[in-house]
Amino acid sequence: MIALVKAERGSGHLELRDVPVPKIEADEVLIRVCACGICGSDLKIQDDHHPYTPPVVIGHEFAGEIVEVGASVKGWAVGERVVSEQHTHACGRCRQCLTGNAFACTSKRAPGYFIDGAFAKFIKVPAWLLHRVPDNLNFVEAAFTEPSAVAAHGLLDRTGVSPEDVVLVLGCGPIGLVAAQMAQAAGAAKVIITGVERDEQARLPKARELGIDCVVNGERADLAARVADLTGGEGADVVVELSGSPQAIAQSFRLARRLGRVGIIGQPPSDEIAIPYREALFRALTVSFSYSSRYTSWERVLSLFARGAIRPAQFVTHVLPLAEWERGFELSRSGEAVKVVLEP
């Protein structure tokens, strides 16, 4: 089968290769990949700025159809439409696994990074990671489940949104946009989302189209002044950082109100980032860091999709064949797209 492979370390080294179809173990299923979204981490792997183990088939935001079921798998059948969590090789025995947090297991090896992923015709996954796709979603829409689950985990599970909160989302990529919609669905009184000039190509217009309450281009307006104006000078109840910009990370601590909550999800370009520590301390902020997702995140997202509270089709701006991956990556990188999905 043809797959998109990160062949070796260093910038670039992405290529289409003919690789074997995976052979499943007794507890696994083989899935025909029908759609797989391009994630910012895929771009970082291309640039050699994200952990991975080469050679590896990249891609992890996928939806597909079961074509083979392992001998010990129960409750799943050939032909079922599924999406899958990312916690392959989680041990099932450590504190993290036993408390429902397999995403944090040290044995976990996520597909698309450390084991072969989904920019390919087939992928194998342990059956316990599967979720059924609602009947009213197509595969392209269902492929948006994984990034949405990351948003749900970081915003709803770890940071928390209460009715009447003012929520500030820093960053208007796909996860930022869906996080903003989740905040609205959770009863936020007002949701503010930010971007920069290049986001005026697609992402800030999309935020306006989605009906986000306040859309701010931080290169055209004074964000701090806008937040102060909208909150009576208090600051946001909840600030969610999704840009990964060191400047925005520092700003997140300054734009939260006293006793406010800050959620950090965006990945910065380096391990160490300067933050206004004393300001955060004397504001008595509650700060949570988040990555990946858990079972409840996926179930919550699929319910939001099935009920139409969030419509994933709104976020997908380009659908391309896998053979056009280079164009897809460039669209994702340039800001001309919101979410690009490849079909193997």
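An account of the accompanying structure is given in this report. Keep in mind the model is a prediction, meaning the values are calculated, not measured.

## A short note on the sheet that holds strand β12 (residues 236-241)
Note: strands within a sheet are paired through backbone hydrogen bonds, in either parallel or antiparallel orientation. Read across the sheet, six strands follow the order β11-β10-β9-β12-β13-β14 without closing on themselves; strand pairing throughout is parallel. Because the sheet does not close on itself, it has two edges, and the strands there are β11 (214-217) and β14 (286-289). On average, adjacent strands in this sheet sit at an angle of 15° to one another, irrespective of strand direction. When strand β10 (residues 190-195) meets β11, the two strands line up parallel, connected through four bridges. Bridge pairing in β11 links Thr-194 to Val-216. On the sheet, helix α6 (residues 203-210) packs against β10 and β11 and is oriented at approximately 165° with respect to β11.

## Observations concerning the side chain of Thr-194
Within the secondary structure, Thr-194 sits in strand β10. Beyond its immediate chain neighbours, meaning those up to four positions away, Thr-194 contacts Leu-168, Val-169, Leu-170, Gly-171, Cys-172, Leu-204, Val-216 and Leu-223.

## Details of the packing of aromatic side chains
Under the counting rule described, the total for this entry stands at five aromatic pairs. When the centroid spacing of 5.4 Å and the interplanar angle of 75° are considered together, the rings of Phe-103 and Tyr-291 count as edge-to-face. Here Phe-103, found in the loop between α2 (95-98) and β7 (122-126), pairs with Tyr-291, found in the loop between β14 and α10 (295-307); they are 188 residues apart in sequence, far enough to count as distant. Classification of Phe-103 as buried rests on a relative accessible area of 8%. Judged by its relative accessible area of 47%, Tyr-291 is partly exposed. Here the aromatic rings of Phe-144 and Phe-315 are separated by 4.8 Å at their centres, their planes lie at 20°, and the arrangement is stacked. Pair noted here: Phe-144 is in the loop between α3 (139-142) and α4 (145-159) and Phe-315 is in the loop between α10 and β15 (316-321), with a separation of 171 residues, a long-range link. Judged by its relative accessible area of 1%, Phe-144 falls in the buried class.

## Some words on the packing of α4 against helix α5 (residues 174-185)
With their axes 9 Å apart at the nearest point, α4 and α5 run at an angle of 55° to one another. In terms of axis orientation, α4 runs oblique to α5. With respect to the hand of their crossing, α4 and α5 are arranged in right-handed fashion. Between α4 and α5, the residues in contact are Pro-147, Ser-148, Val-150, Ala-151, Ala-152, Leu-155 and Leu-156 and Ile-175, Val-178, Ala-179, Met-182 and Ala-183, respectively. Here the residues of the contact of α4 with α5 sort into 11 nonpolar, one polar and no charged.

## Topic: the environment of Gly-64
Tracing the backbone shows Gly-64 in strand β5 (residues 61-69). In sequence terms Gly-64 and Val-133 are 69 residues apart; their C-alpha atoms lie 9.0 Å from each other. Those residues in contact with Gly-64 that sit more than four places away from it in its chain are Ile-31, Arg-32, Val-33, Cys-34, Glu-80, Arg-81, Val-82 and Phe-139.

About the thresholds
- Residues numbered from 1 in each chain as written.
- Predicted model: local features only at pLDDT ≥ 70, side-chain atom pairs only at ≥ 80, totals over all residues.
- Heavy atoms only, no water.
- Pairing = 2+ DSSP bridges.
- Helix = DSSP H or I, 4+ residues; strand = E, 2+ residues; numbered from the N terminus.
- Axes fitted to C-alpha atoms, helices over the stretch in contact; angles between N-to-C directions.
- Contact = heavy atoms within 4.5 Å.
- Phe/Tyr/Trp six-rings, centres within 6.5 Å; stacked < 30°, edge-to-face > 60°.
- Buried < 20%, exposed > 50% of the residue type's maximum accessible area, 1.4 Å probe, protein only.
- Parallel < 35°, antiparallel > 145°, perpendicular 65-115°, else oblique.
- Left-handed = near helix turned anticlockwise from the far one by under 90°.
- Nonpolar A, V, L, I, M, F, W, Y, C, P; charged D, E, K, R; others polar.

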